[in-house]
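# Per-entry structural report
Listed below, chain by chain, are the residues.
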Amino acid sequence: MDKGYSKNISLKPYNTFGIDVRASQFVSVTTADELRKALLADIPRKFILGGGSNMLLTRNIEALVIHIGLKGIEITEKNDQYALVKVGAGENWHQFVQWAIAHDLGGVENLSLIPGNTGTAPVQNIGAYGVELKDVFHSCEAMEISTGHLKTFYLEDCAFGYRDSVFKRHLKDQYVITSVTFELTTTHHLLHTGYGAISSELEKAGIAKPGIREISKAVIAIRESKLPDPAKLGNSGSFFKNPVIGESRFRQLQADYPEMPHYPAGTGLIKVPAGWLIEQCGLKGYRKGDAGVHKNQALVLVNYGNATGAELYDLSCYIQDQVRNKFGITIEAEVNIF
Ligand code: EPU
């Protein structure tokens, strides 16, 4: 064991579900050199921890937990159309969004208030209200876990999809993202107000000509109205992905459930909101012990205080079974389960 690392540390403050499991060893790294040293340390197992906002911890972690604390926001290039902004992986996502808005840089306003850190945002290509991370992504720098070498990945290298990227697939567990560079607009911001809830929120506020600030405020208001604040009620955002089904299967279901919301998802494919499916199973607001389904958004599982990761995991399996029994659709977890 390396004597420089803390032992037997509670991970409760490091995961937004607030699950109290322990790490056998722990280090928070703030520079690429510290990260390299930790990755190459002679310790058999390493576990990378970013913002802890998209994970469910079901057991103690017998490994060196490496918490990514690399900071810094820097404009590396700027002209009258766009700016390249390099952001340390350990920067809180929403604080970066606020920084961009304060500097009048456009592109990330629809992604306001998403929990987690900037470095993990590309892994699952975070998205909300008509915008995904890939729309503003320029490149990222990542360290190879086995060698400590840094490599740059550009947009075309990342195979971004719906809550998906190369870092979840064939490069899984091979790289740690150390910084992300975004291409943001300096003038002529491209506003995305098409998402229904945004336009009605702007209308409610009497705003006819919104800018990036107003859109951010509208998104914050929508999110606060349905999504629980992890600082007050432990959660990991959407627990499941919205399932994509074939058009013919969708037509059969639609005959029974004409009001089923749905969105096109590519040729012959339809995306159905998992939150709706779960609500139809009568599970919105369902609670077993301290593990529950949020009362305003059935896609979000919550920890009312002392739920264990195993209890939340059991609840998620129960929900999957109920949805499968009623609709014949398998909903997959969006969060990573350990
Ligand atoms: N719905 C219900 N009951 C519910 C929840 C939703 O009937 O309990 C219905 C809504 O009425 C609406 C539809 O489902 O017709 C979609 O709901 P919503 O707009 O709330 O979005 P979502 O599909 O549930 C996705 C993302 C969210 C993102 C929102 C807004 C996924 C897995 N989730 O949720 O992302 O904020 O769209 O763009 O794609 C996250 O990933 O953690 C997350 C919060």
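Residues numbered from 1 in each chain as written. Predicted model: local features only at pLDDT ≥ 70, side-chain atom pairs only at ≥ 80, totals over all residues. Heavy atoms only, no water.

Further remarks concern unusual backbone geometry. One non-glycine residue, Arg163, adopts positive backbone phi at about 50°. With respect to the helices and strands, the residue Arg163 is situated in the loop between β11 (150–154) and β12 (175–185). Note on Arg163: relative accessible area 14%, which makes it buried. Positive phi, close to 45°, is recorded for His188, a residue that is not glycine. Position of His188 among the secondary structure elements: in the loop between β12 and α3 (196–204). (Helix = DSSP H or I, 4+ residues; strand = E, 2+ residues; numbered from the N terminus. Buried < 20%, exposed > 50% of the residue type's maximum accessible area, 1.4 Å probe, protein only.)

With that out of the way, let us pick up the site of the ligand. The local shell around the ligand holds 24 residues, among which Tyr129, Tyr162, Tyr195, Glu279 and Ala298 are the closest. Between the ligand and the protein, one listed contact pairs an oxygen atom with a side-chain N or O atom of Tyr162 at 2.7 Å. The contact in question runs from an oxygen atom of the ligand to an N or O atom on the side chain of Glu334, over 3.0 Å. Burial of the ligand by the protein amounts to 82% of the accessible area it has alone, namely 820 Å². (Near = heavy atom within 4 Å. Polar contact = N/O pair within 3.5 Å; in protein donor to acceptor, adjacent residues only side chain to side chain. Areas by Shrake-Rupley, 256 points an atom, 1.4 Å probe, with all protein chains shown as cover.)

On to the side chain of Thr118. Here Thr118 is to be found in the loop between α2 (93–102) and β8 (127–128). Taking the relative accessible area as the measure of exposure, Thr118 reaches 0% and is therefore buried. Apart from residues no more than four positions distant in its own chain, Thr118 is found in contact with Val87, Gly88, Ala89, Glu91, Asn92, Trp93, Phe96, Val180 and Phe182. (Contact = heavy atoms within 4.5 Å.)

This paragraph deals with the nonpolar core. One finds Leu11, Met260, Leu277, Ile278, Ile319, Phe327 and Ile331 to be the most contacted residues of the largest nonpolar core, which totals 43 residues. Elements supplying a minimum of two residues to this core: β2 (22–29), β3 (46–49), β4 (55–56), β5 (61–68), α5 (247–256), α6 (274–280), β18 (291–293) and α7 (309–327). If you tally residues by element for this core, the top one is α7, at 5 residues. Composition of this core by domain shows at least three residues from each of domain 1 (6–68) and domain 3 (234–337). Excluding anything up to four places from it in sequence, Ile278 contacts Phe240, Leu283, Lys284, Val293, Ala298, Leu299, Ile319, Val323 and Ile331. (Core = buried A, V, L, I, M, F, W, Y, C linked by side-chain atoms within 4.5 Å. Domains from an automatic or database assignment.)

Attention now goes to the sheet that holds strand β15 (residues 263–264). Within a sheet, adjacent strands bond to each other through the backbone by hydrogen bonds, running parallel or antiparallel. Taken together, the 3 strands give an open sheet; going across it, the order is β14-β16-β15, and neighbouring strands pair in antiparallel fashion. If you trace the sheet from one side to the other, it starts and ends with β14 (244–246) and β15, each paired once. Packed on one face of the sheet, α5 meets β14 and β16 (269–271) and runs near 90° to β14. (Pairing = 2+ DSSP bridges. Axes fitted to C-alpha atoms, helices over the stretch in contact; angles between N-to-C directions.)

Time to look at the layout of surface pockets. What the second largest pocket holds in volume is close to 370 Å³. Residue lining of the second largest pocket: 19 residues in total, with Leu113, Pro115, Pro228, Asp229 and Pro230 positioned closest to the centre. With 4 residues, helix α4 (residues 212–226) is the largest single contributor of residues to the lining of the second largest pocket. Its residues placed into classes, the lining of the second largest pocket shows 7 nonpolar, 7 polar and 5 charged. (1 Å grid on protein atoms, 1.4 Å probe; cavity = no way out; pocket = protein on both sides within 12 Å on 5 of 7 lines; lining within 4 Å. Points joined across faces, edges and corners; volume = space filled by probe spheres on them. Nonpolar A, V, L, I, M, F, W, Y, C, P; charged D, E, K, R; others polar.)

Okay, the packing of α3 against α4 next. Two elements in contact, α3 and α4, have axes whose closest approach is 9 Å; the angle formed by their N-to-C orientations is 105°. The angle between the axes of α3 and α4 places the two elements in the roughly perpendicular class. Touching Ala197, Ile198, Glu201 and Leu202 of α3 are Glu214, Ala218, Val219, Ala221 and Ile222, all from α4. Among the residues making up the contact of α3 with α4, the classes are represented as 7 nonpolar, no polar and 2 charged. (Parallel < 35°, antiparallel > 145°, perpendicular 65-115°, else oblique.)

Looking now at the pattern of salt bridges. The final tally for this structure, using the stated rule, is 13 salt bridges. Close ionic contact of Glu334 with Arg163 constitutes a salt bridge, the shortest N to O distance being 3.1 Å. Taken as a pair, Glu334 in the loop between α7 and β20 (336–337) and Arg163 in the loop between β11 and β12 lie far apart in primary sequence, 171 residues in all. Like Glu334, the residue Arg163 is buried in the burial classification. Across the salt bridge formed by Glu279 and Lys284, the nearest N and O atoms sit 3.1 Å from each other. Taking relative accessible area as the criterion, Glu279 reaches 37% and is therefore assigned partly exposed. Using a relative accessible area of 32% as the deciding quantity, one classes Lys284 as partly exposed. Each of the salt bridges in this network shares a partner with another, and the network as a whole consists of Glu132, Lys134 and Asp135. (Salt bridge = Lys/Arg side-chain N within 4 Å of Asp/Glu carboxyl O.)

On to the domain arrangement of the protein chain. The assigned domain composition of the protein chain is domain 1 (6–68), domain 2 (73–185) and domain 3 (234–337). Centre-to-centre separation of domain 1 and domain 3, based on C-alpha positions: 29 Å. Across the boundary between the two partners, domain 1 contributes 11 residues, which contact 18 residues of domain 3. When the two sides are added together, the surface that domain 1 and domain 3 hide from each other amounts to roughly 1,000 Å², 52% of it contributed by carbon and sulfur. Broken down residue by residue, the surface that domain 1 buries against domain 3 is led by Phe17, Asn54 and Leu56, which jointly contribute 61%. Here domain 1 and domain 3 share 0 salt bridges between them. For the pair domain 1 and domain 3, the interface holds 6 residue pairs in polar contact (both at pLDDT 80 or more). Considering only residue class, the side of domain 1 that touches domain 3 consists of 5 nonpolar, 5 polar and 1 charged. (Buried area = accessible area lost by both parts, 1.4 Å probe.)

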